[in-house]
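Given next are the chains, with one letter for each unit.
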Amino acid sequence: MEIMEGMFLENKEDKILRVVSCNRLSSIIYVIEIDSGRRFPYPIEMDVITSAIQQGEMVVITDDPFVRYVVEDELSVSEKQRRDKAWKVVMHVLEQMENEQQMFLNKYRQKAMKNTMAVFQVQYNTVKGYLIEYWRGGKEKNGLLPKYYQCGARGRDKTVGLKKRGRPKKYGNRKGININDEIKKFFNIGLNRYYYTSKQNTLKFAYEMTIKDFFTQQKEEVNGVIIPIIQEEIPTYHQFLYHYRKTNNLKNEITKRKGSRIYYQQYRSIIGNSTQDSGLGPGTLWQTDSTPLSVTCVSSINRTILVGNPLLHIVMDCYSRIIVGFSLSFESLNSYSGAMSALLISMTSKRSYCEKYGLEIGNTWDIACIPHRIFTDRGELNGKQIESAIEGLGISIQNSSSYRPDFKGQVEQALNRIELQIGSLVDGASASRKRVRERGESDARLKANLTIDELTIILIKCIIFHNNHHVLEEYVLTEEMVRAGVEKVPKSIWEFGVKHHKGILRTLPEEVIKFHLMPEYTASITARGVKFKQMYYASEFSLKNNWFESARMNGNKRIKIKVDVRDMTEIYTINEEGKQHTLKLIDQYEKYRGKSIEEVEQIIVFEKEMETKSKQKELQEKMKLFNEVEEIMHEVRKSAEEERDVNISKSRRIKGIKENRKEERELQRALLKEEKEVEELEALDDSAIEEIKDDDDELAIFRNLKNE
């Protein structure tokens, strides 16, 4: 293996060495110890190092363990001055050498160092330290930077003693106090009580109230008013402010003072550059919006039942005006599950989705990619649930101002155009699209005859028409598009943008996209399975790795899961191997299969109500049972007391249990036999009974003669 300058080596004594010079002629290598001592570089023969590496006594470290990346503009004036001074000293020493090898010979080095000491008026150890840092830092100028970042034990609390730490007070007689754990506790209570509240008190007020609550001794009455007396030594406001800055969590502060809604709307992190323009190409910026369709649907079970207007979500690419995805459901307005479904369809292949409705779309809608940004209003994508998609898929969410639909004009017009097309062709659509009918106007809902699946098929056909044939009259083609003969059709613009502007689109497996889009919940690993919403799930992986046996022995354990709220048949999580895997609903909970989370919660509430009623009825019947048993026991105790023979000893009574049980068994059998005979006689008619009596009489005469 070739030994090169700057290479790091680690020997069997765990010492890290750095090669500072290689003499190819003499095969001598000079190394310096990195992490210990102030020793100058010393020579080692190249064959010795090569042999040690081959025998495993020395290891080559490929990565620089001491690399420090710095930005010149971020360095302080002091750091630059110290570095530049050290660099001048080192360069002055090196300039006195005829060649680099003399630098490693003591007689030449010492002479040069003495001259440098005289020129720069510095001590010997200062020059030596600069040289050692120069070699350790790879002979780079920034290797001489002072290590301020290693000073002061940053992040570690100092030991609290009796002596006051810090600079003495310039004014006043009070010395001040050290902040110990007890005072930190008082600070936290004061912040939570007076600062992290919806009243939005100032930090100064929170400090003053904390002093009042925890640092007053007794109370003195002045003119009939009780005044608390402050202790002799109290923490200062600057100490309180320092503790606040050290422990403050920005999210917690804004949430407690202004509310979680304000935090998620105005302060949460947004990944990506919000100033990017959609002109960069397809898949850069998408717009999404939702609206209730003005078409009334009927039940898929009984067409005479009206179920109302479905909610339509549309996702559109701003560059090409192509509709990349949609969802049609009965979810509530601003529901995340509807938006999640629309985004999932947008980012994955449409073929399998359309095949569910019996449609073969071929290449007419072959769009599947992940956008850089999604522009929406302050609705379903302005909450906590979308943060997983933001982080996992690298999407930036941009929210428009309230009541400004013109900011999303493209998707708004697409929704309007689709509603006009569908409303003109199907029954059950409101012609005026008004929520309130005019007097004398017929109710269009009574003409409804489409189920949501049938309306979805019509909607897919309308979207395919828009993408492949709708002419964008107002779209301004670029010079390149005109030269290439691009039609003002969404798909043509998309294909041109992918080929000439965007290049390769961002894609991920469908399972990964679905996992990040689904909302996150907490479940428990129990002995019966993974419990969520009174349901239990299991998988081959969980059974193989003894999840449930471990829960039975060590107690329940909480895990994070992802849930498709539209279908609770499966839940998803990350296992110990860092891989996604699916847990399926256990068979005995079949009633929840295919149900949404809202339906499951309704079933659970209904069962709880029924259980409560049943328990009340059970308790009432149990009282009746107790009363009947007590009456029986009263009669039994009375009879037993009358028939008890006081002359029979306890041991005699116990000794005869076995024989008594045998006699009782024979008696019960005889009684059972007699009961059966009586039942058989009752089942016979009168003539059969007389015949049996005659037979019994003849049998009795025969027995008497035999006995005589």
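How each quantity is defined
- Residues numbered from 1 in each chain as written.
- Predicted model: local features only at pLDDT ≥ 70, side-chain atom pairs only at ≥ 80, totals over all residues.
- Heavy atoms only, no water.
- Helix = DSSP H or I, 4+ residues; strand = E, 2+ residues; numbered from the N terminus.
- Buried < 20%, exposed > 50% of the residue type's maximum accessible area, 1.4 Å probe, protein only.
- Contact = heavy atoms within 4.5 Å.
- Pairing = 2+ DSSP bridges.
- Axes fitted to C-alpha atoms, helices over the stretch in contact; angles between N-to-C directions.
- Expected span 1.5 Å × (residues − 1).
- Arc of directions from axis to C-beta.
- Polar contact = N/O pair within 3.5 Å; in protein donor to acceptor, adjacent residues only side chain to side chain.

(A) Local environment of the overall build of the protein. Each helix and strand in the protein was counted, giving 23 helices and 20 strands. Burial statistics for the protein: of 708 residues in total, 37% are counted as buried. Of the contacts made within the protein by residues no fewer than 6 positions apart, 59% connect residues no fewer than 24 positions apart.

(B) Quick look at unusual backbone geometry. Phi is positive for Gln 121, which is not a glycine, with a value near 55°. Positionally, Gln 121 belongs in the loop between helix H3 (106-120) and helix H4 (124-136). Positive phi, close to 65°, is recorded for Arg 321, a residue that is not glycine. Among the structural elements, Arg 321 can be located in the loop between strand S11 (311-317) and strand S12 (323-329).

(C) Representation of the pairing of strand S17 (residues 535-538) within the structure. Side chains Met 535 and Tyr 537 of S17 all project onto a buried face; the interleaved residues Tyr 536 and Ala 538 project onto the opposite face, where all are buried too. For strand S16 (residues 529-532) and S17, the ladder comprises three bridges, and the chain directions are antiparallel. Its bridge partner lying in S17, Phe 532 is registered against Met 535. Adjacent in sequence and paired antiparallel, S16 and S17 are bridged by two residues, among which Lys 533 carries a positive phi angle near 55°. Two strands pair when backbone bridges link them, and S17 and strand S20 (residues 580-585) are joined in this way by two bridges, in the antiparallel orientation. In the strand pairing of S20, Tyr 537 is matched with Leu 585.

(D) Expanded view of the sheet that holds S12. Read across the open sheet, the five strands follow the order S12-S11-S8-S13-S14; overall the sheet is mixed. Sheet topology places S12 and strand S14 (396-399) at the edges, where each strand pairs with a single neighbour. Taking the axes of each pair of neighbouring strands and ignoring which way they run, one obtains an average angle of 20° across the sheet. Lying on the sheet, helix H13 (residues 409-425) is in contact with strand S8 (285-292), S11 and S12; it crosses S8 at an angle near 40°.

(E) Region of interest: helix H5 (residues 181-195). With 15 residues, H5 extends 20 Å between its outermost C-alpha atoms, agreeing within 8% with the 21 Å of an ideal straight helix rising 1.5 Å per residue. For H5, the full list of buried residues reads Ile 183, Phe 186, Phe 187, Gly 190, Leu 191, Tyr 194 and Tyr 195. Each buried residue of H5 lies within a common arc of 135° when the element is viewed along its axis, so the set occupies one face. Away from its buried face, by an angle of more than 90 degrees, H5 presents the exposed residues Asp 181 and Lys 185. Each element contacted by the buried residues of H5 is listed here: helix H6 (203-214), helix H7 (237-247) and helix H8 (250-258). Looking at where H5 begins, the residue whose side-chain oxygen comes 3.3 Å from the main-chain nitrogen of Glu 182 is Asn 180.

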